[in-house]
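Single-letter residue listing:
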Amino acid sequence: MRIIQISDTHLSPGKAHFADNWAPLAGWIAEQRPQLVIHTGDVTVDGADVEEDLGYTVGLMRGLGVRFRAVPGNHDVGDAGHGRQPLTEDRLQRWRAHFGPDRWVEDVEDCRLIGFDAMLLGSGEHKETQQAEWLEAVMHDAGDRRIAWFLHRPLFLDNPDEGDTGYWSVKPQPRAGLLNLTRRHSVALVASGHLHRAHDFVRDGTRYIWAPSSAFLVGPRMKAPPMPGENRLGAVVYEIAGRRIEADIVSVPGLSRHWIDDVAEEVYPSRPAK
Ligand SMILES: [Fe+2]
Ligand SMILES: [Fe+2]
C-alpha cells in the first residue's frame, strides 16, 4: 500500500503567497496513485483565526480524489501556551468541523498508523489527558502490528534529552512521556512536519522522518536554532507491505522555492501579544 505524507502547505484564499505550489503537488500525488494521503499540519496560513482558510483547504484536499487524514499544526488550531493564538476548544472544534478528528488510527497491512494532535501537548487542557489515555489504549490494542506515529511537531531536534527548544519541538515533559511510550511499544516510525526541513534518521530503534514543506523554506532571518536536516521542499512516499515500512523523502517537480523570510511580515504580521 502506498501512502503519501505532505506537510506545511500553508494555504489560504486570502493569502496566496504559496498557492502556486498546490497544483504541481496535487498533480504529482495523482501520478503516484496513493491509497491514502496524510497531511501533518499547517495545512492553512491561519486557520486558527480565519475559518475560511480551513474550509478552503479541506476543499483542496478533497479535490485530490484520494482518501486523506490530517493532524493539525500550530497555524491551524493555535499552540499550547501561545500568547496571542493559544489552542482553545473553539479552535479545535472548528478544525474538527472541517477536517474531522485531530487524532485517528489507520490499520494498514500489519501496521497501525496513529495520528495525534501535537498542539495539545503541554496545554494542560483536559483534552490533553484524554488524548494521552486514548494513545495508551490504541497502542495497547495494536497487538502485533508495527506502529507509526504522525504528528505536526517533532519530538526533538538533536537528541531526546535536549532541553526546551521553544517553538521548534515538543516540550521536555510531554516529550519524556511520549518517548517512554515509543520504548514500551517499540514504535517503528515517528513522522512529523513543522520544521520545513527534510531529515531521516534512526534513534534508539525508532526511525524519525521530518517531512519537508511543499510551500516554503525557512531562512536565516527566522532565527531557528541550529538543527540537522536539509533545507528543501518535497513530500514523503511510504510503501507498506506486511510489517515492512519503506519511506522516501522525495522532491516534487515544479515546486517554487519560496522563502518565508521574504514575505514573513505580509503572511504572518507580528502583532503584540495580548
Ligand atoms: Fe509550517
Ligand atoms: Fe508549524
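Coordinates for the structure precede this section.
Overview of the structure. (Residues numbered from 1 in each chain as written. Chains lettered and ligands numbered in written order. Predicted model: local features only at pLDDT ≥ 70, side-chain atom pairs only at ≥ 80, totals over all residues. Heavy atoms only, no water.)

Overview of the pattern of salt bridges
The tally for this structure, following the rule as stated, stands at 17 salt bridges. Two residues, R96 and E89, come together in a salt bridge whose shortest N-O distance is 3.6 Å. A relative accessible area of 26% means that R96 is categorised as partly exposed. Of the charged contacts, one joins E230 and R232 as a salt bridge, the two residues approaching to 3.7 Å between their closest N and O atoms. Accessibility expressed as a relative area gives 18% for R232, which makes it buried. Taken together, the shared-partner salt bridges in this structure form one network comprising D49, R84 and R91. (Salt bridge = Lys/Arg side-chain N within 4 Å of Asp/Glu carboxyl O. Buried < 20%, exposed > 50% of the residue type's maximum accessible area, 1.4 Å probe, protein only.)

A closer look at the coordination of the iron ion (ligand 1)
Around the iron ion (ligand 1), the protein contributes the donor atoms D8 (OD), H10 (NE2), D42 (OD) and H196 (NE2), at 2.1 to 2.3 Å from the metal centre. Classification of the site at the iron ion (ligand 1) as irregular follows from its 4 donor atoms and the range of 88 to 175 degrees in their angles at the metal. Positions of the donor residues of the iron ion (ligand 1) along the chain correspond to the pattern D-x1-H-x31-D-x153-H. Separating the iron ion (ligand 1) from the iron ion (ligand 2) is a distance of 3.6 Å, and D42 supplies a donor atom to each of them. Of the two residues, D42 is situated in the loop between β2 (36–39) and α2 (51–63) and H196 in the loop between β7 (189–192) and β8 (199–203); the sequence distance between them amounts to 154 residues. A relative accessible area of 1% means that D42 is categorised as buried. (Donors = N, O, S within 2.8 Å, 3.2 Å for Na, K, Ca; no water. Tetrahedral: all angles 85-135°; square planar, octahedral: opposite > 155°, others 65-115°. Helix = DSSP H or I, 4+ residues; strand = E, 2+ residues; numbered from the N terminus.)

Regarding the packing of helix α5 (residues 126–140) against helix α6 (residues 172–184)
Interaxial distance between α5 and α6 falls to 11 Å at its minimum, and their mutual angle equals 10 degrees. In terms of orientation, α5 and α6 fall into the roughly parallel class. Contacts between α5 and α6 involve L135, E136 and M139 on the former and, on the latter, L178, L181 and R184. Residue composition of the contact of α5 with α6, grouped by class: 4 nonpolar, no polar and 2 charged. (Axes fitted to C-alpha atoms, helices over the stretch in contact; angles between N-to-C directions. Parallel < 35°, antiparallel > 145°, perpendicular 65-115°, else oblique. Contact = heavy atoms within 4.5 Å. Nonpolar A, V, L, I, M, F, W, Y, C, P; charged D, E, K, R; others polar.)

Some details on the packing of aromatic side chains
Counting across every chain of the model gives 11 aromatic pairs. Note on F68 and F99: the rings are 6.4 Å apart at their centroids and 75 degrees apart in plane angle, and the pair reads as edge-to-face. A residue pair is termed long-range when its members are at least 10 positions apart, and F68 in strand β3 (residues 68–70) and F99 in helix α4 (residues 89–99) qualify at 31 residues. Put simply, the rings of F156, F201, Y208 and W210 pair up and form one aromatic cluster. One Lys or Arg, R153, reaches over the ring of Y167 and ends 5.7 Å from the middle of that ring. (Phe/Tyr/Trp six-rings, centres within 6.5 Å; stacked < 30°, edge-to-face > 60°. Lys NZ or Arg CZ within 6 Å of the ring centre and 35° of its normal.)

These values are about where atoms sit, not about what they do.
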